[in-house]
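Here's the letter readout for the chains.
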Amino acid sequence: MMNPLRIRQRSNGKRSVLKKLFDLVLALAILLLLMVVLARVNNLGQQELHGHVKIVDGDTLELNGIRVRLREIDAPEYGQTCRKQGSDYDCGREARDYLAKLVSSKPVNCAGWEYDQYDRLLAECAVA
């Protein structure tokens, strides 16, 4: 008579290797799905701003009362000096003036969803 409570022994053969591989692929697929869902949820908080800007420095502007830092841009701070060919110059002012020239008093569109440590919206912006 066969015992219904018999314990199955684990096989060390090909099947267990395939099962481990399947478990790994399944875990990676679930992780990838979670990453996609989290990316979508982050974008739900995207803020879009439109209008005329006040240039703060070479990588920061103010739009509708909100400070916006241009994503993936690093420019000298306003008032920062730099050295070129042995003499100091006001590179922070140059950076601000150059951004102001790019904008040329035209309306700007910005979109972003993250904030930096100074509570500025990190955004991608374009002249309208």
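Keep in mind that this is a model prediction, so the values were computed, not measured.

Parameters at a glance
Residues numbered from 1 in each chain as written. Predicted model: local features only at pLDDT ≥ 70, side-chain atom pairs only at ≥ 80, totals over all residues. Heavy atoms only, no water. Helix = DSSP H or I, 4+ residues; strand = E, 2+ residues; numbered from the N terminus. Contact = heavy atoms within 4.5 Å. Buried < 20%, exposed > 50% of the residue type's maximum accessible area, 1.4 Å probe, protein only. Pairing = 2+ DSSP bridges. Expected span 1.5 Å × (residues − 1). Arc of directions from axis to C-beta. Core = buried A, V, L, I, M, F, W, Y, C linked by side-chain atoms within 4.5 Å.

Undergrad: I would appreciate a short explanation of the environment of Cys-82 in the present structure.
TA: Among the structural elements, Cys-82 can be located in strand E5 (residues 82-84). Along the chain, Cys-82 and Gly-92 lie ten residues apart, while their C-alpha atoms are 8.2 Å from each other. In this view, Cys-82 contacts Ser-87, Asp-88, Tyr-89 and Cys-91; residues no more than four positions away in its chain are not counted.

Undergrad: What is the right way to look at the pairing of strand E2 (residues 53-57) in this model?
TA: Sheet faces and side chains relate simply in a regular strand, where the side chains alternate between the two faces. By the criterion of burial, E2 is predominantly enclosed, with four of the five residues buried. What sits between E2 and strand E3 (residues 60-63) in their antiparallel hairpin is a turn of two residues.

Undergrad: Before we go on, may I ask you to explain helix H2 (residues 91-103) in this structure?
TA: Helical periodicity: at 3.6 residues per turn, an α-helix aligns residues three or four positions apart in one direction. When the terminal C-alpha atoms of H2 are compared, their 18 Å separation across 13 residues agrees well with the 18 Å that a helix rising 1.5 Å per residue should span. Of all the residues in H2, the buried ones are Cys-91, Gly-92, Ala-95, Leu-99 and Val-103. For H2, the buried positions fall inside an angular range of 120° around the axis, keeping them on one side. Turned more than 90 degrees from where H2 packs its buried face, Tyr-98 and Lys-101 sit exposed. With its phi angle positive at about 50°, Ser-104 sits one or two positions after the end of H2.

Undergrad: Which parts of the structure should I look at to understand the nonpolar core?
TA: Here is a general trend for soluble globular proteins: nonpolar side chains tend to be buried in one another's company. In terms of nonpolar packing, the biggest core is built from 13 residues, with Val-53, Leu-61, Val-68 and Cys-110 touching the most fellow members. Contributing elements (two or more residues each) for this core: E2, E3, strand E4 (66-70), H2, strand E7 (108-115) and strand E8 (121-127). Not counting chain neighbours up to four residues away, the residues in contact with Val-68 comprise Leu-49, Asp-59, Thr-60, Leu-61, Cys-110, Leu-121, Ala-123 and Cys-125.

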